Amino acid sequence: MNIESIETFILLAENGSFTKTAEMQYLVQSTISNRINELEKYIGKDLFIRNNKNVKLTPSGNAFLPYAKRMLMLKKDGIIKARSIGIFEDRLALGLENSIYKGIISPIIKDYFLTFPNIAIKLKVNHSEEIIKLLSDGILDIGFVYTKSKLSKFEVVDFLEDEIILVTSPKNKEIVNQEISFANLMKLPLLYADLGGEFFKWLSKQFGDSPLLRLSVDETSYVIDFLKEGFGFAFVTRSSVNNDLKSENLIHIKIKDLIVPKRQIYMFVSKSKKKSTAIKNWLDIIL
């Protein structure tokens, strides 16, 4: 199994066309077919369902795809790391959720970048589940996530409790005061940003098993866009809206008779690399 076949497999899975894949890789279509056939022979399973119109992944192909992407990432990561030797003293591979990056860690990374110009930085922004996978594969040295997971090669630090607050646009000031009761909260048009399973359980307990949500998305930044237009109210982490609260693009609505849970942020640190220059410098800045 060679890396070229892996690259071809990923491209074909994404666009569903042998012709497009051949064009993207500047190869003849027969070469694309040969690479896929060799990969299927090596794995011992059909990876694609082929017909006259398009190409679709089989269940085996779907199962193999995330691993193929990680293998390709490992290859790229290894090349970058090898090339950086002799240019930089060390390299810090850091992964985190988008909301954690924007609200909390971004200024720290910039400070690190300026303070240690001899350290290269690899930054990966993704969902907690993907960051944990990259940590377990050894692609990342440090990760900031909302999900606590058992990774034997990593030390897990309870880094920060991120407050969850109810916010809306100043355009809605006439509808609600900046402090409301739980009874009035139940009447508001609620937009939902995915804040993890535990928060959704809490929300369902307050609003019922099937809370009526005007909008539901998996990324907080999308909900914030709607909030700024005055379309509703939403629970978000304070870190994700700090700047908007300061600039008064959003306002914090306090709830008189309800305790809202907080969201824990965990920092994963590679045990084997903890004494490296890159990680020691990072921990000196952040802890």
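On a predicted model such as this, the values are computed, not experimentally measured, just so you know.

### Here's the deal with the packing of aromatic side chains
Evaluated as defined, the whole model comprises 12 aromatic pairs. Every member of this aromatic cluster is reached through a ring pair, and the members are Tyr 112, Phe 116, Phe 144, Phe 159 and Trp 282.

### Remarks on the packing of helix α9 (residues 220–228) against helix α10 (residues 238–246)
Between two packed helices, the angle of one axis relative to the other and the distance separating the axes together describe the packing. For the pair α9 and α10, interaxial distance at closest approach is 11 Å and the crossing angle is 30°. Put simply, α9 runs roughly parallel to α10. The handedness of the crossing between α9 and α10 is right-handed. Every residue of α10 that contacts α9 at Thr 220, Ile 224 and Lys 228 is listed here: Ser 240, Val 241 and Asp 244. Of the residues contributing to the contact of α9 with α10, the split by class is two nonpolar, two polar and two charged.

### Some details on the side chain of Ser 169
Tracing the backbone through its elements, the reader meets Ser 169 in the loop between β7 (164–168) and β8 (179–180). Apart from residues no more than four positions distant in its own chain, Ser 169 is found in contact with Leu 227, Lys 228, Gly 230, Asn 249, Leu 250 and Ile 251.

### So, helix α6 (residues 128–136)
Buried within α6 we find Ser 128, Ile 131, Ile 132, Leu 134 and Leu 135. The buried residues of α6 all sit within an arc of 160° when viewed along its axis, so they share a single face. Immediately downstream of α6, the backbone of Gly 138 shows phi near 80°, a positive value.

### Observations regarding a nonpolar patch on the surface
A contiguous nonpolar surface patch, about 320 Å² in accessible area, is contributed by Met 1, Tyr 42 and Ile 43. Judged by relative accessible area, Tyr 42 falls into the exposed class, the value being 55%.

### Section: α10
When α10 is considered as a whole, its buried residues turn out to be Ser 239, Ser 240, Val 241, Asp 244 and Leu 245. Elements that come into contact with the buried residues of α10 comprise α5 (98–115), β6 (154–162), β7, α9, β11 (233–237) and β12 (251–255). After α10 finishes, the residue Glu 248 shows a positive phi value of roughly 65°.

### Overview of the pairing of strand β3 (residues 90–96)
Successive side chains on a regular strand alternate, one facing one side of the sheet and the next facing the other. With six of seven residues buried, β3 lies mostly within the body of the structure. Sheet topology places β3 next to strand β4 (residues 119–125); seven bridges connect them, and they run parallel. From the neighbouring strand, Arg 91 faces β4, where its bridge partner is Ala 120. Crossover β3 to β4 through α5 is right-handed.

The rules behind each value
- Residues numbered from 1 in each chain as written.
- Predicted model: local features only at pLDDT ≥ 70, side-chain atom pairs only at ≥ 80, totals over all residues.
- Heavy atoms only, no water.
- Phe/Tyr/Trp six-rings, centres within 6.5 Å; stacked < 30°, edge-to-face > 60°.
- Axes fitted to C-alpha atoms, helices over the stretch in contact; angles between N-to-C directions.
- Helix = DSSP H or I, 4+ residues; strand = E, 2+ residues; numbered from the N terminus.
- Parallel < 35°, antiparallel > 145°, perpendicular 65-115°, else oblique.
- Left-handed = near helix turned anticlockwise from the far one by under 90°.
- Contact = heavy atoms within 4.5 Å.
- Nonpolar A, V, L, I, M, F, W, Y, C, P; charged D, E, K, R; others polar.
- Buried < 20%, exposed > 50% of the residue type's maximum accessible area, 1.4 Å probe, protein only.
- Arc of directions from axis to C-beta.
- Patch = residues over 30% accessible without salt bridge, like charges linked within 9 Å, V, L, I, M, F, W, Y side chains within 5 Å.
- Areas by Shrake-Rupley, 256 points an atom, 1.4 Å probe, with all protein chains shown as cover.
- Salt bridge = Lys/Arg side-chain N within 4 Å of Asp/Glu carboxyl O.
- Pairing = 2+ DSSP bridges.
- Right-handed = clockwise from strand over helix to strand, strands pointing away.

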